[in-house]
Amino acid sequence: MRYLLDTHAFIWWTTDDHRLSAGVRAIMQADNEVFFSVASVWEISIKAQLGRLEFDYDPTIVIPLRIAAYALTVL
C-alpha cells in the first residue's frame, strides 16, 4: 500500500512519541511505500523558527537522515 505521512506522524515516529497510534506504527513497520511531503519539511522549519516546535536535535541535519533511514519517498 501507499501512504502519505503527515507532519505530526513524522515527528512522532522519529521521536518514538506515545501519541503515534498503533495503526500508524504498524503501517510504518510493514512493507508499505510511505511518502513524505516537502511541505511538511517547510512546516517543521517554520514552526521551529517560531518556537512552536522544540527538538533535542538540529532538525536541518536529522530530518534528512531520518527520511533516508526510513526509506521515505519525498514528494
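Before any of the text, the structure's been laid out above.
Quick look at the structure, then. Note that this is a predicted model, so its numbers are computed, not measured.

1. Here we look at the sheet that holds strand 3 (residues 73–74)
Then step 1. Read across the open sheet, the three strands follow the order 1-2-3; overall the sheet is parallel. The sheet terminates laterally at strand 1 (2–5) and strand 3, the two strands that pair on one side only.
Then step 2. Where helix 3 (residues 38–49) meets the sheet, it contacts strand 1, strand 2 (33–36) and strand 3, and its direction lies at approximately 45° from that of strand 2.

2. Focus on helix 4 (residues 59–69)
Then step 1. Looking only at helix 4, the buried set comprises Pro 59, Val 62, Ile 63 and Ile 67. Projected down its long axis, helix 4 carries its buried residues within an arc of 135°, all on one side. Exposed residues on helix 4 whose side chains face more than 90 degrees from its buried face are Ile 61, Leu 65, Ala 68 and Ala 69.
Then step 2. Buried residues along helix 4 sit in contact with helix 1 (7–14), strand 2, helix 3 and strand 3.
Then step 3. Trailing helix 4 by a residue or two, Ala 71 shows a phi angle of about 55°, which is positive.

The rules behind the values
- Position numbers for residues start from 1 in each chain and track the written sequence from start to end.
- Only residues with pLDDT of at least 70 are given local features in this predicted model, and only at 80 or more are side-chain atom pairs given and counted; all residues enter the totals for whole chains, interfaces and linings.
- Only hydrogens and water are set aside when side-chain values are computed; all heavy atoms of the structure are taken into account.
- Should DSSP find at least two bridges between two strands, the strands are taken to pair.
- The secondary structure listing takes helices from DSSP runs of H or I that are at least 4 residues long and strands from runs of E that are at least 2 residues long, numbered from the N terminus.
- The contact criterion used throughout is that any non-hydrogen atoms of two residues lie within 4.5 Å.
- The convention used is that axes are lines fitted to C-alpha atoms, helices contributing only their stretch in contact, and that angles between N-to-C directions extend from 0 to 180 degrees.
- Accessible area is worked out with a 1.4 Å probe on protein chains only. A residue is then buried under 20% of its type maximum, exposed over 50%, and partly exposed in between.
- What the arc describes is the spread of directions from the helix axis to the C-beta atoms.

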